[in-house]
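Survey of secondary and tertiary structure
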Amino acid sequence: MINETLRADGRTPDQLRTIRLTRGWQQVGEGSVLVEFGNTRVLCVASFTEGVPRWKKGQGSGWVTGEYSMLPRATETRSQRESVRGKVGGRTQEISRLLGRSLRAVVDVDALGENTIVLDCDVLQADGGTRTAAITGAYVALADAVAYGKANGLISPGSKVLTDSVSAISVGIIDGRPCLDLPYVEDVAAGTDMNVVMTGSGTFVEVQGTAEHGAFTRDELNQLLALAESGNARLTQLQEECLAGEPGVVFVAEAGK
């Protein structure tokens, strides 16, 4: 059983932070969502363009990819812009690739046709879980971009481009307890840190787990995955509610609900 002692922010170990999705947050882009996991805020914007990268031309299928970045003052201290440094950091590249893989896991690129959708995810404020928030919000923006393609005759109206939904959540072992959805203060102190990407139907896309301050047991791994399953199930429900509602309306999942 998971210890129910409250965490520093008042949550029990199996509670999400307050999650907010604001669809259509930006006036431009074929899909946009401001996603908030507690104090973490990420703007996800989908751009739909006709045509595909050169290496995919003539194959009759499309492409979906993602790019992740963080504003210089998204954290307590300012970081230098990667464009100024002249080099994209390894962390940025790794998260961008994770973002693309996660989204393509639920896309039928043949049904998309020779079109490209790029999801730009920019962290406005970071307090842990930026990559999981980016994946969760990017899916909603992607769904709107697909709807745009169908409405404008760029995708066959009957094509099932999206085969499922996708979301992601962090879990970790804090002071010996498996906990869900880690803010920064817990993330940096976690004995084990894990990010779990799942489809809406409950299958796993990717599991990234590391023992930061000591190895973890199989029982702890099972508890972490169970927490991630419950968290992602709640995120899936919120995504569905958001896509069924009107753009501009804020959809909120209160902490733990």
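The residue numbers shown here count from 1 along each chain, following its written sequence. Only residues with pLDDT of 70 or above have their local features reported here, since the model is predicted, and side-chain atom pairs are shown and tallied only from 80 upward, although totals for entire chains, interfaces and linings are computed over all residues. Based on all heavy atoms of the structure, the side-chain values leave hydrogens and waters out of the count.

As named in an unreviewed UniProt entry, the protein is Ribonuclease PH, taken from Boudabousia marimammalium. We quote the UniProt Catalytic activity (unreviewed entry) comment for the protein here in full: "tRNA(n+1) + phosphate = tRNA(n) + a ribonucleoside 5'-diphosphate". Word for word, the UniProt comment on the protein under Sequence similarities (unreviewed entry) is "Belongs to the RNase PH family." UniProt positions are given in the numbering used here, feature names are shortened, and annotations may be inferred rather than shown by experiment.

Okay, the side chain of Ser61 next. Take Ser61: it is sitting in the loop between β3 (40-50) and β4 (63-70). Whether a residue is buried, partly exposed or exposed follows from its accessible area with a 1.4 Å probe, protein chains only, as a fraction of its type maximum: under 20%, in between, or over 50%, in that order. According to the relative accessible area criterion, Ser61 is buried, its value standing at 5%. A polar contact of 3.0 Å, which involves the side chain of Ser61, links it to the side chain of Lys56. Should any heavy atoms of two residues lie within 4.5 Å, those residues are considered in contact. Not counting the four nearest positions on each side in its chain, Ser61 is found in contact with Val52, Lys56, Val109, Asp110, Gly113 and Glu114. Numbered from the N terminus, helices here are DSSP runs of H or I no shorter than four residues, and strands are runs of E no shorter than two. A 3.5 Å cut-off defines polar contacts: any pair of N or O atoms within that distance qualifies, except that in protein one atom must be a possible hydrogen donor and the other a possible acceptor, and neighbouring residues in sequence count only when both atoms are side-chain atoms.

On to the environment of Asp108, then. With respect to the element layout, Asp108 can be found in the loop between α2 (90-104) and α3 (109-112). As for Asp108 and Asn222, which are separated by 114 residues in sequence, their C-alpha atoms are 31 Å apart.

This part takes up α2. Structurally, the α-helix is built with 3.6 residues per turn, so residues lying three or four positions apart point the same way. In a helix, the anticipated span is given by 1.5 Å times the number of residues less one. Relative to the 21 Å expected for 15 residues at 1.5 Å per residue, α2 spans 21 Å between its end C-alpha atoms, a close match to the ideal helical length. Those residues of α2 not exposed but buried are Thr92, Ile95, Ser96, Leu98, Leu99, Gly100, Ser102 and Leu103.

What follows deals with the sheet that holds strand β9 (residues 204-211). If you trace the four strands from one edge of the open sheet to the other, you get β7-β6-β8-β9, paired in antiparallel fashion. If you trace the sheet from one side to the other, it starts and ends with β7 (177-180) and β9, each paired once. When the angles between neighbouring strand axes are averaged without regard to direction, this sheet yields 15°. Pairing between strand β6 (residues 166-174) and strand β8 (residues 192-199): eight bridges, direction antiparallel. The partner of Ala168 across the bridge, within β8, is Val197. Here the rule is simple: two strands pair whenever DSSP picks up at least two bridges between them. Note on geometry: axes are lines fitted to C-alpha atoms, helical ones only across the stretch in contact, with angles between N-to-C directions running from 0 to 180 degrees.

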